[in-house]
Amino acid sequence: MTDEKTPPAPLPPLLLVGCGQMGGAMLAGWQADGLAPSVILDRHRDDIPAPHTVVRQAADLPDDFTPALIVLATKPQKAADILPSIARFARHAPVLSVMAGKTVGGLTAALAAAGAPGATVIRAMPNTPSAVGQGMTVCFAPPAATEADRALCTRLLSAVGDVAWVAEERQMDAVTAVSGSGPAYVFLLAELMEQAGIAQGLPAGLARQIARRTVSGAGALMEQSGLDAAELRRRVTSPGGTTQKALDVLMAPSAWPAEMEAAIAAAAHRAHELAS
Ligand SMILES: NC(=O)c1ccc[n+]([C@@H]2O[C@H](COP(=O)([O-])OP(=O)(O)OC[C@H]3O[C@@H](n4cnc5c(N)ncnc54)[C@H](OP(=O)(O)O)[C@@H]3O)[C@@H](O)[C@H]2O)c1
């Protein structure tokens, strides 16, 4: 008998289409987890070491490559250009799209028109903390996807963070607005706290250090404590103290509560628009 856990299955060979901010973030995590020799299509990357192969244009994709999964990580606006060039691989391997907005139905139809009828398409919305294994990815699979397809996606995406699945595709727009775009809201918070610290007379370097560390430290505390965010907030807020004065500004009904709701609604609306 041994207490040692069975190691997870090795990550399979991928065709990664687009290796920019999001594709690159996921690839960094997958490389750290022993990704099998894969092919990356991106015109800008020349820094990805063996055993992986980088091609700059779709015409250079090797005919004899048999990926277990095709990951689509180009901008949604480029989907129509790229899909015909990868359709030949989609006849044999499922497609995992991380493109905001693009629907399973739309991608499946485009692949069928490009010569891959009946291709299996699964959607995922990851975020850039995947680069450090702290990602949050939410997936949607249509009924045509098999349990093996779903397990493959879960295995791959759990190598770079947490994974959840939704049963209704329309929920992907809200997910995109909250966790896909969400790191940007948190980074903005760090930026604004730094600027406000400088406005209060702090040296720029110190303002930067305390803003960044406060954001990352609060995130780590939330993660490790498992407590509700609201309870952690209350534990900082002494009655009649300094935090309460700041929260009176931020939590006014027309301030952050309304602004965050409007911001997330705007992002979700844009995700919906990107479908077409
Ligand atoms: N960034 C995020 O935080 C995030 C989070 C979740 C989901 N996503 C989704 O992930 C996708 C990628 O976003 P991103 O921010 O990573 O975009 P990005 O940085 O522009 O990455 C896409 C990469 O693919 C390359 N590319 C596109 N078409 C190509 C072609 N035909 N041949 C060779 N290379 C090609 C692009 O080069 P060019 O720039 O020259 O075209 C670029 O290097 C989007 O659909 C987005 O909705 C992004």
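The rules we used
- Residues numbered from 1 in each chain as written.
- Predicted model: local features only at pLDDT ≥ 70, side-chain atom pairs only at ≥ 80, totals over all residues.
- Heavy atoms only, no water.
- Helix = DSSP H or I, 4+ residues; strand = E, 2+ residues; numbered from the N terminus.
- Buried < 20%, exposed > 50% of the residue type's maximum accessible area, 1.4 Å probe, protein only.
- Polar contact = N/O pair within 3.5 Å; in protein donor to acceptor, adjacent residues only side chain to side chain.
- Contact = heavy atoms within 4.5 Å.
- Pairing = 2+ DSSP bridges.
- Axes fitted to C-alpha atoms, helices over the stretch in contact; angles between N-to-C directions.
- Salt bridge = Lys/Arg side-chain N within 4 Å of Asp/Glu carboxyl O.

(A) Summary view of the side chain of N127. Assignment of secondary structure puts N127 in the loop between β6 (121-125) and β7 (135-140). Owing to a relative accessible area of 7%, N127 belongs among the buried residues under this scheme. A polar side-chain atom of N127 sits 3.0 Å from the main-chain carbonyl oxygen of S179.

(B) Fine view of the side chain of H52. Counting through the fold element by element, H52 comes out in the loop between β2 (39-41) and β3 (53-55). Judged by relative accessible area, H52 falls into the buried class, the value being 10%. Reaching out from H52, the side chain makes a polar contact with the backbone nitrogen of S38 at a distance of 3.1 Å. Not counting residues within four places of it along the chain, the set of residues in contact with H52 comprises Q31, L35, A36, P37, S38 and I40.

(C) Quick peek at the sheet that holds β2. Read across the sheet, eight strands follow the order β3-β2-β1-β4-β5-β6-β7-β8 without closing on themselves; strand pairing throughout is mixed. Each of the sheet's edge strands pairs with one partner strand only, and the pair in question is β3 and β8 (161-165). Adjacent strand axes in the sheet meet at a mean angle of 20°, parallel and antiparallel pairs treated alike. As judged from the three bridges shared by strand β4 (residues 69-72) and strand β5 (residues 95-97), these two strands associate in the parallel manner. Within β5, the position partnered with V71 by the bridge is L96. Strand contacts of helix α1 (residues 21-32): β1 (14-17), β2 and β4, with the helix running at about 155° to β1, the strand carrying the most contacts.

(D) Main features of the pattern of salt bridges. A full pass over the atoms with the stated rule returns 10 salt bridges. Between R170 and E168 there is a salt bridge; the shortest N-O distance is 2.7 Å. Residue E168 is classed as partly exposed on the basis of its relative accessible area of 36%. For R270, the salt bridge identified is with E273, shortest N-O distance 2.9 Å. Taken as a pair, R270 and E273 lie in helix α10 (residues 256-273) at a separation of three residues, close to a single helical turn. By relative accessible area, E273 is classed as partly exposed at 38%.

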